[in-house]
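Residue-level listing of the chains:
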Amino acid sequence: MTRYWAIVPAAGRGRRFGGETPKQYLMLQTQTVMQHSLNRLCQGLPLAACIVPISADDQLAEQLEYQYAAHIRFVAGGTERMDSVWAGMQALQGQADEMDWVLVHDVARPCIALSSLKQLLIELADDPVGGLLAVPVRDTLKRAQAGRVACTVSREALWQGQTPQMFRYGVLYAALQSAIQSGQLVTDEASAVELAGHSVRLVEGRSDNIKITYPDDLPLAAAILVAQAAE
């Protein structure tokens, strides 16, 4: 029987957000961003386990209360996202089968809709590789040079990647291992799988699956959660 595993890298410091508190520990309504993200993921997926790589000096992650605490396991993460995901993959060795699914989700995406998680599982059910949630690019794109517009980039066929990104365990393990051995720093799992020569499927998600990156994203996420609760 095919099983589902999640990896939520949470060892980052959120340098673009600024401030001393890592963004996963900022308060969003009555819980931290991390609690929202993990609770949503565990609620919406039939997970065997959710692996959360954290930094070695993290004293808070394991003290927080989670709705599905029995499914969550913490491991030591790495400096880069790829390092943390790799640590999560290695933690699953001997437990996950080659054809099991691994879903990697950004800890700073607390607004992932349960309907999107369901759609991801449905559309990728028989796929030999996997894919990711994404949305078509809406805005006009400009390429910059020295603070001025160099050209306008066509948005036709362009998609904005989100998470979760869902791949067969064997495919993702081999792709990440190859990227690490060749010294390539990939910023998401789909990039590693693409570099390994696989075709990655796009599953249309929702625009409210925002990633908290800058301070003004936090009140926006709060508003989204209120709106989703009314759906």
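Look a little higher up for the structure.
Please read these numbers as outputs of a predicted model, since none were measured by experiment.

The rules we used
Residues numbered from 1 in each chain as written. Predicted model: local features only at pLDDT ≥ 70, side-chain atom pairs only at ≥ 80, totals over all residues. Heavy atoms only, no water. Buried < 20%, exposed > 50% of the residue type's maximum accessible area, 1.4 Å probe, protein only. Helix = DSSP H or I, 4+ residues; strand = E, 2+ residues; numbered from the N terminus. Pairing = 2+ DSSP bridges. Salt bridge = Lys/Arg side-chain N within 4 Å of Asp/Glu carboxyl O.

Chemist: Please give an account of the pairing of strand β1 (residues 4–7) that cites residues and values.
Modeler: Residues Y4 and A6 of β1 are buried on one face, and the alternating residues W5 and I7, pointing to the opposite face, are buried as well. By the bridge criterion, four bridges tie β1 to strand β4 (residues 47–54) in an arrangement that is parallel. Within the sheet, the bridge partner assigned to W5 lies in β4 and is A49. Judged from the four bridges that link them, β1 and strand β6 (residues 101–104) form a sheet pairing that is parallel. In the strand pairing of β6, A6 is matched with L103.

Chemist: Provide a residue-level description of the pattern of salt bridges, including the pertinent values.
Modeler: For the structure shown, the criterion picks out seven salt bridges. In this structure, R201 and E123 form a salt bridge, with 4.0 Å as the shortest nitrogen-oxygen distance. Of this pair, R201 sits in strand β11 (residues 201–204) while E123 is found in helix α3 (residues 114–124), placing the two residues 78 residues apart along the sequence. The partly exposed category is assigned to R201, whose relative accessible area is 37%. Of the charged contacts in the structure, one is a salt bridge between R206 and E231, with a shortest N-O distance of 2.8 Å. A residue pair is termed long-range when its members are at least 10 positions apart, and R206 in the loop between β11 and α6 (217–229) and E231 in the segment after α6 qualify at 25 residues. With relative accessibility at 22%, the residue R206 sits in the partly exposed group. Owing to a relative accessible area of 66%, E231 belongs among the exposed residues under this scheme. The network of salt bridges with common partners includes R81, D106, R109 and E189.

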